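Given next are the chains, with one letter for each unit.
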Amino acid sequence: MSELEMCELFSKNLPFYDKINDTERATILRSSQYVCFSRGTNIHDGGECTGVILIKKGTLRVYIISEDGKEITLYRLFAGDICILSASCVLDTITFDVFIDAEEDSECVVVGGCAIEDIARRIPEVKIFTLETALARFSDVMWVMQQILFMSMDKRLAIFLLDECSKTGSDTVKLTHEQIAKYMGSAREVVSRMLKYFAAEGIVSASRSEGIKILDKKRLRALTV
């Protein structure tokens, strides 16, 4: 990626970029690198400061890992999204470890956390941006925790399947039971039993070759109420 393309990307996705001076913009450019991540690559592995990640293309998955090794997906990031939780040096109040994987082949620009931290100390707009971006993601995290703690499994699975269909624009979810369990923070056996129940009720059909096809979206939506 050329320097001009990177500047255009920053100008489009970082609301403070055009408000800082040339020296500060040059600092951000010098500390940035364009990186392509293959599907399944671990990008951020816990508490170290990887930097601020801007997604140009692809999908990233942000998750936590329990003491017994269970993964719970907190949210996903898509083209145009920015990940702040990967830069612990920018937000020093973050006291828990998050992990980030490339869910598909992805193109990203990683901005050095120290550069953002230095500018944020002097420019209120930059600090506000980092805090607001993190706060928006914490809302997603709280929604996931609410589902895990207070929702029944059939409701959680119905919400998950409808969300996946909405993201892909298809009535078929091409994920394995193991993958769904990982994203939901549940056990594969629990997901399999619930999908078997949905299939018996005529709400979905499931096969290893074709994935999970939604047959009755109206009834699936009714489970989310």
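What counts and how
- Residues numbered from 1 in each chain as written.
- Predicted model: local features only at pLDDT ≥ 70, side-chain atom pairs only at ≥ 80, totals over all residues.
- Heavy atoms only, no water.
- Buried < 20%, exposed > 50% of the residue type's maximum accessible area, 1.4 Å probe, protein only.
- Helix = DSSP H or I, 4+ residues; strand = E, 2+ residues; numbered from the N terminus.
- Arc of directions from axis to C-beta.
- Contact = heavy atoms within 4.5 Å.
- 1 Å grid on protein atoms, 1.4 Å probe; cavity = no way out; pocket = protein on both sides within 12 Å on 5 of 7 lines; lining within 4 Å.
- Points joined across faces, edges and corners; volume = space filled by probe spheres on them.
- Nonpolar A, V, L, I, M, F, W, Y, C, P; charged D, E, K, R; others polar.

**Student:** Help me understand helix 6 (residues 177-184) in this model?
**Tutor:** Given 3.6 residues to a turn, an α-helix orients residues that are three or four positions apart in the same direction. Every buried residue of helix 6 is listed here: Ile-180, Ala-181, Tyr-183 and Met-184. Along the long axis of helix 6, the arc covered by the buried residues comes to 165°, so they all point the same way. Where the residues of helix 6 are buried, they touch strand 4 (60-65), strand 5 (71-77), helix 4 (124-150), helix 5 (153-168), helix 7 (188-200) and strand 11 (211-214). Of the residues one or two after helix 6, Gly-185 is the one with positive phi, at around 70°.

**Student:** What's the story with empty space enclosed by the protein in this structure? I'm lost.
**Tutor:** It is the rolling of a water-molecule-sized probe over the atoms that shows where space remains empty. The final tally for this structure, using the stated rule, is one cavity of 30 Å³ or more. Reported here for the largest cavity is a volume of approximately 50 Å³. Along the walls of the largest cavity sit Leu-14, Phe-16, Val-52, Ile-84, Val-111, Ile-116, Phe-129 and Thr-130, which together make up its complete lining. Its residues assigned to classes, the lining of the largest cavity shows seven nonpolar, one polar and no charged.

**Student:** I tried to follow the layout of surface pockets on my own but got confused; where do I start?
**Tutor:** Volume-wise, the largest pocket comes out at about 560 Å³. Around the largest pocket, the lining comprises 21 residues; the ones closest to its centre are Arg-39, Arg-76, Glu-103, Leu-175 and Tyr-183. When contributions to the lining of the largest pocket are tallied by element, the ones reaching two or more residues are strand 5, strand 7 (99-102), helix 5, strand 9 (172-173) and helix 6. Of the residues in the lining of the largest pocket, the class split is five nonpolar, five polar and 11 charged. In this structure, the second largest pocket spans a volume of roughly 410 Å³. Around the second largest pocket, the lining is made up of 20 residues, and of these Leu-74, Val-144, Gln-147, Asp-163 and Lys-167 lie nearest the centre. At the level of secondary structure, the elements contributing two or more residues to the lining of the second largest pocket comprise strand 5, helix 4, helix 5 and helix 6. Looking at the lining of the second largest pocket, its residues break down into 10 nonpolar, two polar and eight charged.

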